[in-house]
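Here is what each chain is made of, one letter per residue.
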Amino acid sequence: MIHRKSAAQIECLRTCGQIVFAVQQKVEALIAPGVSTRQLDAVAEAAIIEAGARPAFKGYHGFPASICASTNASIVHGFPTDTPLADGDIVSIDVGVVVDGYFGDGAFTVGVGTISSAALDLIDTTRRCLELGIEQMRVDGRLGDISHAIQTHAEAAGYSIVREYGGHGIGRALHESPHINNYGSPGKGPRLKPGHVFCIEPILSMGSPEVEHDDDGWTVQTRDRSLTAHCEHTVALTENGAEILTLPAVLSA
Ligand code: MG
């Protein structure tokens, strides 16, 4: 059962999404060689609280921080650490917030300093997969259309889809039904309806899609240590089409 949100609920989720975007902007501006992801976490947490929200990830199943920071071969759920980011790294930052019981969730991957053209292409392709997935979020489309658009573009560009993770519904919980695979068949799955609010989040690997869990119980890396990129928007479907809640309205149109 996929919950359909009212216009009033979508307004609450929009508020959350706008805070996610503002926090991401603050964090992204600080990303540079020598900066640690723990410093980024502190800035994000302060910005979330200043905005009148709470960090959604902190304490979620015991997660210790306000952002997930996953570098290079780390796929998702990385802990912020004191290790300084290095020139040539790529880092994904995932931000989640709660306001009045509603959630917002968004992630981006960027390069640190100067990165290889291969890493840049991986990031650009992941972003494009996200855009193409969002384009499939249309009334009476199918969930599988989103999955298929992401998979097709990623694989055509020579990347693999990390299959263990995917998108999800969002609302009064961080993770609601449905789970949204980043691979699948068009024309399959539930029909998309006004009021559906989904986090769409492609995760691409430059090499093998196989994953390995770190001893911390959270960080997930590619087994072959190939680079991965991850990006995510919270997107609401209304009668007027898809609206990206984690972008300012002027950029979402
Ligand atoms: Mg998510």
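Residues numbered from 1 in each chain as written. Predicted model: local features only at pLDDT ≥ 70, side-chain atom pairs only at ≥ 80, totals over all residues. Heavy atoms only, no water.

**Student:** Just give me the short version of the coordination of the magnesium ion, but keep the residues and values in it.
**Tutor:** Within the protein, D105 (OD), H168 (NE2), E201 (OE) and E232 (OE) serve as the donor atoms for the magnesium ion, at 2.1 to 2.3 Å. Expressed as a motif, the donor residue spacing for the magnesium ion is D-x62-H-x32-E-x30-E. On the criterion of sequence distance, the pair formed by E201 in the loop between strand 9 (197-200) and strand 10 (203-205) and E232 in the loop between strand 13 (228-230) and strand 14 (233-238) is long-range, its members being 31 residues apart. Using a relative accessible area of 1% as the deciding quantity, one classes E232 as buried. (Donors = N, O, S within 2.8 Å, 3.2 Å for Na, K, Ca; no water. Helix = DSSP H or I, 4+ residues; strand = E, 2+ residues; numbered from the N terminus. Buried < 20%, exposed > 50% of the residue type's maximum accessible area, 1.4 Å probe, protein only.)

**Student:** For the sheet that holds strand 10, give the residues involved together with the corresponding values.
**Tutor:** The sheet built from three strands is open, its strands ordered 6-10-13 with antiparallel pairing. In this open sheet, the two edge strands, each paired with only one partner strand, are strand 6 (160-161) and strand 13. By the bridge criterion, three bridges tie strand 10 to strand 13 in an arrangement that is antiparallel. In the strand pairing of strand 13, L204 is matched with A229. (Pairing = 2+ DSSP bridges.)

**Student:** Describe the pairing of strand 8 (residues 176-180), naming the residues involved and giving the relevant values.
**Tutor:** Here strand 7 (residues 167-169) runs beside strand 8; their pairing, made up of three bridges, is antiparallel. Bridge pairing in strand 8 links G169 to E176.

**Student:** Give me the lowdown on the packing of helix 3 (residues 117-135) against helix 4 (residues 143-156), citing residues and values where you can.
**Tutor:** With their axes 8 Å apart at the nearest point, helix 3 and helix 4 run at an angle of 155° to one another. Of the possible angle classes, the one that applies to helix 3 and helix 4 is roughly antiparallel. As for how helix 3 packs across helix 4, the hand of that crossing is right-handed. Between helix 3 and helix 4, the residues in contact are T125, R128, C129, L132 and G133 and I146, A149, I150, H153 and A154, respectively. (Axes fitted to C-alpha atoms, helices over the stretch in contact; angles between N-to-C directions. Parallel < 35°, antiparallel > 145°, perpendicular 65-115°, else oblique. Left-handed = near helix turned anticlockwise from the far one by under 90°. Contact = heavy atoms within 4.5 Å.)

**Student:** Describe helix 4, and please don't skip the residues or the numbers.
**Tutor:** The end-to-end C-alpha distance of helix 4 is 21 Å, a good match for the 20 Å that 14 residues give at a rise of 1.5 Å each. Taken together, the buried positions of helix 4 are occupied by L143, G144, D145, I146, S147, A149, I150, Q151 and A154. Residues of helix 4 that are buried in the fold lie against helix 3, strand 6, strand 8, strand 9 and strand 10. (Expected span 1.5 Å × (residues − 1).)

**Student:** An account of the environment of P190 is requested, with residue identities and associated values reported.
**Tutor:** When you line up the elements, P190 lands in the loop between strand 8 and strand 9. Exposure remark for P190: the relative accessible area of 37% places this residue in the partly exposed category. Excluding anything up to four places from it in sequence, P190 contacts I2, G141, R142 and L143.

**Student:** Break down the nonpolar core for me, with residues and values.
**Tutor:** V23, I31, L40, I93, V95 and V97 are the most contacted members of the largest nonpolar core, which has 40 residues in total. Those elements that provide at least two residues to this core are helix 1 (7-30), helix 2 (37-50), strand 2 (67-71), strand 4 (90-99), strand 5 (102-111) and strand 9. Here this core gets seven residues from one element, more than from any other, and that element is helix 1. Those residues within four positions of V23 in sequence are excluded, and the remaining contacts are A44, A47, I48 and V95. I115, I150, Y159 and V235 belong to the second-largest nonpolar core, a separate cluster that totals 28 residues. (Core = buried A, V, L, I, M, F, W, Y, C linked by side-chain atoms within 4.5 Å.)

**Student:** Give a detailed account of the pattern of salt bridges, specifying residues and quantitative values.
**Tutor:** Within the structure shown, the criterion is met by 12 salt bridges. Residues E243 and R14 are paired through a salt bridge, measuring 2.8 Å at the closest nitrogen-oxygen approach. Note that E243 is positioned in strand 15 (residues 241-244) and R14 in helix 1, a separation of 229 residues in sequence. E243 sits in the partly exposed class, given a relative accessible area of 22%. The salt bridge involving R128 is made with E131; its shortest N-O contact spans 2.6 Å. Remark: E131 and R128 occur in helix 3; sequence separation between them is three residues, near one turn of the helix. A residue is classified by how much of its surface remains accessible, and E131, at 42% relative accessible area, is partly exposed. Bridged by salt links that share partners, the residues E210, E212, R223 and R225 form one connected network. (Salt bridge = Lys/Arg side-chain N within 4 Å of Asp/Glu carboxyl O.)

**Student:** So what about the sheet that holds strand 14? Which residues, and what values?
**Tutor:** Taken together, five strands build an open sheet; the order of strands is 8-7-9-14-15 and the sheet is antiparallel. The outermost strands of the open sheet, each flanked by one partner alone, are strand 8 and strand 15. Across the sheet, the axes of successive neighbouring strands diverge by a mean angle of 25°, strand direction being ignored.

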